[in-house]
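Residue strings, one per chain:
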Amino acid sequence: MYSEKVIEHFQHPRNVGEIEKADGRGKVGNPICGDIMKLYIKVGENEKGEKIIEDIKFKTLGCAAAIASSSMLTELVKGKTFTEALKISKNDITGSLGGLPTIKLHCSVLATEALNEAIYDYLSKNKLSIPEEVQKKHERIQEELKKAEKQYKEFIRVQEKFLEGK
Ligand code: FES
């Protein structure tokens, strides 16, 4: 079923919460189950002057697999440049977690997609050049979010309220 690593990250997820005055914010919805995730990044620079993910936090009411995957992603990307962080795939995450049951693989996508959206948000707000791959992924993710919002309208509204602490 779930590996020990998945259980451990689910029970003690890293970097849960919200960054006040985040530099970039991402929101994604899973069209398969209707779960949503919000992710926040604080951007810094390394000694070469490259943008890095200085801090990262996430919030979700997704399942154990989504929570463990997001927790692992935050650990893998902290301190990385945008280019390095965007290269981290769902396979890297599931590999680091010791695998996920096949029916739960769609849950591991939320974290990488939310990261794409937070980086997209940062780049577009700061009028910086957006890599084509990030742009294309952003368009697809927004389509999927719209689909999820249409199909799971009430469910998503309740999740939003909960995540905003209302
Ligand atoms: Fe929705 Fe896992 S079932 S994220």
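Now for a look at the structure at hand. (Residues numbered from 1 in each chain as written. Predicted model: local features only at pLDDT ≥ 70, side-chain atom pairs only at ≥ 80, totals over all residues. Heavy atoms only, no water.)

1. Here's the deal with the overall build of the chain
Along the chain, the regular secondary structure elements total seven helices and three strands. Relative to the globule expectation of 15 Å for 166 residues, the C-alpha radius of gyration of the chain, 15 Å, shows essentially globular dimensions. A principal-axis box enclosing the C-alpha atoms of the chain has dimensions of 45 × 35 × 30 Å. Taking all 166 residues of the chain together, the buried fraction comes to 48%. Relative to all contacts within the chain whose residues are 6 or more apart in sequence, the contacts with residues 24 or more apart total 64%. When the accessible area of the chain is evaluated, it comes to approximately 8800 Å², of which 52% is carbon and sulfur surface. Averaging the positions of the 28 positive and the 26 negative side-chain charges in the chain gives two centres separated by 4 Å. (Helix = DSSP H or I, 4+ residues; strand = E, 2+ residues; numbered from the N terminus. Rg over C-alpha atoms; globule rule 2.2 N^0.38 Å. Buried < 20%, exposed > 50% of the residue type's maximum accessible area, 1.4 Å probe, protein only. Contact = heavy atoms within 4.5 Å. Areas by Shrake-Rupley, 256 points an atom, 1.4 Å probe, with all protein chains shown as cover. Lys, Arg positive; Asp, Glu negative; His and termini not counted. Charge placed at Lys NZ, Arg CZ, Asp CG, Glu CD.)

2. Quick word on the packing of helix α5 (residues 109–125) against helix α6 (residues 132–151)
Where α5 meets α6, the axes come as close as 10 Å, and the angle between the chain directions of the two elements is 115°. Read as a crossing pair, α5 and α6 show a hand that is left-handed. Two secondary-structure elements touch here, α5 through Thr-112, Glu-113, Asn-116, Glu-117 and Tyr-120 and α6 through Val-134, Gln-135, Lys-137, His-138, Arg-140, Ile-141, Gln-142 and Glu-144. A per-class count over the contact of α5 with α6 returns three nonpolar, five polar and five charged. (Axes fitted to C-alpha atoms, helices over the stretch in contact; angles between N-to-C directions. Left-handed = near helix turned anticlockwise from the far one by under 90°. Nonpolar A, V, L, I, M, F, W, Y, C, P; charged D, E, K, R; others polar.)

3. Let's talk about the nonpolar core
Formed by 32 residues in total, the largest nonpolar core has its most connected members in Leu-39, Ile-41, Ile-53, Leu-73, Val-77 and Leu-115. At eight residues, α5 tops the list of elements feeding residues into this core. Other than its neighbours up to four places away in sequence, Val-77 contacts Ile-53, Ile-56, Ala-85, Ile-88 and Leu-115. Residues Ile-36, Ala-148, Ile-156 and Leu-163 belong to the second largest nonpolar core, which totals five residues. (Core = buried A, V, L, I, M, F, W, Y, C linked by side-chain atoms within 4.5 Å.)

4. Things to note about unusual backbone geometry
Backbone geometry at Lys-21 places phi at a positive 55°, although glycine is not the residue there. Position of Lys-21 among the secondary structure elements: in the loop between α1 (4–11) and β1 (24–29). The residue Lys-127 is not glycine, and still its phi comes out positive at about 50°. Relative to the assigned elements, Lys-127 resides in the loop between α5 and α6. A relative accessible area of 76% means that Lys-127 is categorised as exposed.

5. Some remarks on the packing of aromatic side chains
Here the structure, examined in full by the defined rule, presents two aromatic pairs. Considering the side-chain rings of Phe-82 and Tyr-122, the 5.7 Å spacing of their centres and the 80° angle between planes classify their relative orientation as edge-to-face. Of this pair, Phe-82 sits in helix α3 (residues 82–87) while Tyr-122 sits in helix α5, placing them 40 residues apart in sequence. The same class applies to Phe-82 and to Tyr-122, which are both buried. (Phe/Tyr/Trp six-rings, centres within 6.5 Å; stacked < 30°, edge-to-face > 60°.)

6. Looking at the pairing of strand β2 (residues 36–45)
Successive residues of a regular strand alternate their side chains across the two faces of the sheet. With eight of ten residues buried, β2 lies mostly within the body of the structure. Direction of pairing for β1 relative to β2: antiparallel, over a ladder of six bridges. Looking across to β2, one finds that Gly-24 is bridged to Ile-41. Taken together, β1 and the strand that follows it, β2, pair antiparallel across an intervening segment of six residues, in which Gly-34 is found at a positive phi of about 85°. Alignment of β2 against strand β3 (residues 51–60), held across nine bridges, turns out to be antiparallel. (Pairing = 2+ DSSP bridges.)

7. Things to note about the sheet that holds β1
Neighbouring strands of a sheet are bound in pairs by backbone hydrogen bonds; such pairs are parallel or else antiparallel. With respect to topology, three strands assemble into an open sheet ordered β1-β2-β3, the strand pairing being antiparallel. A single partner strand is all that each edge strand has here, and the edge strands are β1 and β3. The average undirected angle you get between the axes of adjacent strands in this sheet is 20°. The strands touched by helix α7 (residues 153–163) are β1, β2 and β3; relative to β2, the strand with the most contacts, the crossing angle is about 45°.

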